[in-house]
Every structure is written in structure tokens, then in C-alpha cells.
Amino acid sequence: MDISKKLNDAINAQIGHEFEATLQYLSMAAYFEEEGYKNLAKRMYEQAEEEHAHGMKFFKFVLERGGKVEIPTLPGPKAVFTSALEVFKAALAWEKVVTKNIYNLVEIAIADKDYATQQFLNWFTNEQIEEEANMEGYIKLAEKVGKDHEYLLEGHV
Ligand SMILES: [Fe+2]
Ligand SMILES: [Fe+2]
């Protein structure tokens, strides 16, 4: 095994977080579908697919490094939302937690002097900048239009 047990365990937890995010974004997509917001739903489906791809990147990395993939039990996603603003705020809060989790992985890789993993994690660090910026942008728009006119967001995602 080319990665430490500690790092392997932490990456397995991260695989869980990424798949959890997949479910969370699907749940958000379902809410937007219920509201008749096709474009917002589409955006969330895309996001869900991205999160699945992130999970798989970690999954394959563990295998490539001779580690053991163990997918943790996933908590169910939040299913009830009352506005687009609430969805985006929940998504941003989620992304911020994911960013912290990734920093935590970087710290373990640094302590292990595991340069290959540090290199691998750079991609995720950069990806999180974009993810957070996207959600912050949506929150700004949702706050501007307000709940009564949130359908206007359909043309802006
Ligand atoms: Fe992700
Ligand atoms: Fe994400």
C-alpha cells in the first residue's frame, strides 16, 4: 500500500462525502422539478453528476495506490426546501464543509510526505474555489429577485 492507513481512511470518508453530495444535489433537483423549474433542476442534475465523478476520482486513486476502498454508510439528503435561496444556501454550506474536508486530506498528505497525493488533491482544492463561487453567485441572484420572482432565476443558471 502506497498511502498511509490514516490517509486511506480519510479518503474513504471523502468518497462518502462526495456520494452524499450527489444525493443532496439530486434531492435539490427533485425540489426544483416539483416547482416546475427545469433549468434549475438541470443545473442540480449536472452538479450531482460532477459530485459522483469526484467520488469516483478518489475511488480510483485509492485503488491505484494499492489502498482499500470502503464506502461508508451515507446519511439521507435533506428533502424539504421552501425556496431557491434556501437550496443555494444549503449547497454553499455543504461546499464549504467539503472544502474543509479536502484541506484536512491535504494536511494528512503533507504530514505523510506523500507528494503524489498532495499533487492529486490540488485539483480538488481548485475545483472547490469554483464550486463555492458558483453557489455564491446564485445566492446573490436569488436574494435580488426574491421568493416571488424566483422563476426569473430560470434564465440565469
Ligand atoms: Fe465534490
Ligand atoms: Fe461540490
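Scroll up a little and you will see the structure.
Residues numbered from 1 in each chain as written. Chains lettered and ligands numbered in written order. Predicted model: local features only at pLDDT ≥ 70, side-chain atom pairs only at ≥ 80, totals over all residues.

S.K.: Explain the overall build of the chain to me, please; I cannot follow it from the model alone.
M.R.: Looking only at helices and strands, the chain features 4 helices and 0 strands. Along the longest, intermediate and shortest principal axes, the C-alpha atoms of the chain span 55 × 25 × 20 Å. Burial status across the chain gives 31% buried among its 157 residues. Considering only contacts in the chain between residues 6 or more positions apart, those separated by 24 or more positions represent 75%. (Helix = DSSP H or I, 4+ residues; strand = E, 2+ residues; numbered from the N terminus. Buried ≥ 20, exposed ≤ 12 C-beta atoms within 10 Å, placed from the backbone. Contact = placed C-beta atoms within 7 Å.)

S.K.: What is the right way to look at the environment of Gly 16 in this model?
M.R.: Within the secondary structure, Gly 16 sits in helix H1 (residues 5-35). Accessibility expressed as a C-beta count within 10 Å gives 19 for Gly 16, which makes it partly exposed. Along the primary structure Gly 16 and Glu 70 are separated by 54 residues, whereas in three dimensions their C-alpha atoms are 9.0 Å apart.

S.K.: What is the right way to read the nonpolar core from this model?
M.R.: Soluble globular proteins tend to pack their nonpolar side chains together in the buried interior. Counting 34 residues, the largest nonpolar core has Met 28, Phe 32, Leu 40, Met 44 and Phe 88 as the members making the most contacts within it. For this core, the secondary structure elements donating two or more residues are H1, helix H2 (38-64), helix H3 (84-111) and helix H4 (115-145). Aside from chain neighbours lying at most four places away, what touches Leu 40 is Phe 32, Ala 84, Leu 153, Glu 154 and Val 157. (Core = buried A, V, L, I, M, F, W, Y, C linked by C-beta atoms within 7 Å.)

S.K.: Explain unusual backbone geometry here, please?
M.R.: Glycine aside, the phi torsion of most residues is negative, and most peptide linkages are trans. In this structure, Lys 113 is a non-glycine residue whose phi angle is positive, near 55°. Within the secondary structure, Lys 113 is located in the loop between H3 and H4.

S.K.: Is there a simple way to think about the packing of H3 against H4 in this case?
M.R.: When two helices pack together, their arrangement is given by the angle between the helix axes and by the axis-to-axis distance. Closest axis-to-axis distance for the H3/H4 pair is 9 Å, and the angle between their directions is 165°. Considering the angle they form, H3 stands roughly antiparallel to H4. In this structure, H3 meets H4 at a crossing whose hand is left-handed. For the contact of H3 with H4, the per-class residue count stands at 17 nonpolar, 5 polar and 7 charged. (Axes fitted to C-alpha atoms, helices over the stretch in contact; angles between N-to-C directions. Parallel < 35°, antiparallel > 145°, perpendicular 65-115°, else oblique. Left-handed = near helix turned anticlockwise from the far one by under 90°. Nonpolar A, V, L, I, M, F, W, Y, C, P; charged D, E, K, R; others polar.)

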